[in-house]
Amino acid sequence: MQESIISIAEFRLIPEYLEKISEDGKVWLARAIVNILIADKHLAVEEKGFFKDAILMLENDEIRGELIEAIKKHESVELGELTTDRDYAGHFFFLLGMVIAADGKIKTSEVTMLSKICGKLGFPEETSKEVLHWVTEMIKLNNDRNQMIKFLGGLKPVFVLK
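Note that the coordinates shown come from a computational prediction; the quantities given were computed from them, not determined experimentally. (Residues numbered from 1 in each chain as written. Predicted model: local features only at pLDDT ≥ 70, side-chain atom pairs only at ≥ 80, totals over all residues. Heavy atoms only, no water.)

Asks: Tell me about the overall build of the chain, and name the residues and values.
Replies: Counting secondary structure elements, the chain contains seven helices and zero strands. Taking all 162 residues of the chain together, 41% fall into the buried category. Taking as baseline every contact in the chain between residues at least 6 positions apart, the subset at least 24 positions apart corresponds to 81%. Taking the 21 positively charged and 27 negatively charged side chains of the chain as two groups, their mean positions are separated by 7 Å. (Helix = DSSP H or I, 4+ residues; strand = E, 2+ residues; numbered from the N terminus. Buried < 20%, exposed > 50% of the residue type's maximum accessible area, 1.4 Å probe, protein only. Contact = heavy atoms within 4.5 Å. Lys, Arg positive; Asp, Glu negative; His and termini not counted. Charge placed at Lys NZ, Arg CZ, Asp CG, Glu CD.)

Right under this line is the structure:
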């Protein structure tokens, strides 16, 4: 699937939102995004925007380099527990769910990584299942929307004069 408006991954990080997150929180989130992206050992075209977001939110060039190398080598990076920015932990987790959904598929390796990250966030195990259920529903809704858009694009216009 090529990157286009039909991708589920139309959600991006908002710079104003990032200003509220500490540098430690940004580093944690960037590492979590990279771990999700490389979980299946393949960076899909639809996922590249999330990688760019992860890199651009960081101010530390050394950590940027670490994440770029991790993507190149398809090796996960160390991810500790999220102890800062607890108000944003739920937002982070749903964003990671969107990263999984970026290519319209959910792979076992991504589910495993999300479950590990769930623990790093300090959430109960069932939270991961709930987010995955939400992601699955989002993929279904996105597919339905794309089918409807395709159908509507083929309709001949009918204009009613008043």
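Picking up where we left off.
Asks: Go over the packing of helix H3 (residues 48-56) against helix H4 (residues 61-73), please, and point to the residues and values.
Replies: For the pair H3 and H4, interaxial distance at closest approach is 9 Å and the crossing angle is 155°. Classified by the angle their axes make, H3 and H4 are roughly antiparallel. Here the hand of the crossing between H3 and H4 comes out right-handed. Residue-level contacts link Phe51, Ile55 and Leu56 of H3 to Arg64, Leu67, Ile68 and Ile71 of H4. A per-class count over the contact of H3 with H4 returns six nonpolar, no polar and one charged. (Axes fitted to C-alpha atoms, helices over the stretch in contact; angles between N-to-C directions. Parallel < 35°, antiparallel > 145°, perpendicular 65-115°, else oblique. Left-handed = near helix turned anticlockwise from the far one by under 90°. Nonpolar A, V, L, I, M, F, W, Y, C, P; charged D, E, K, R; others polar.)

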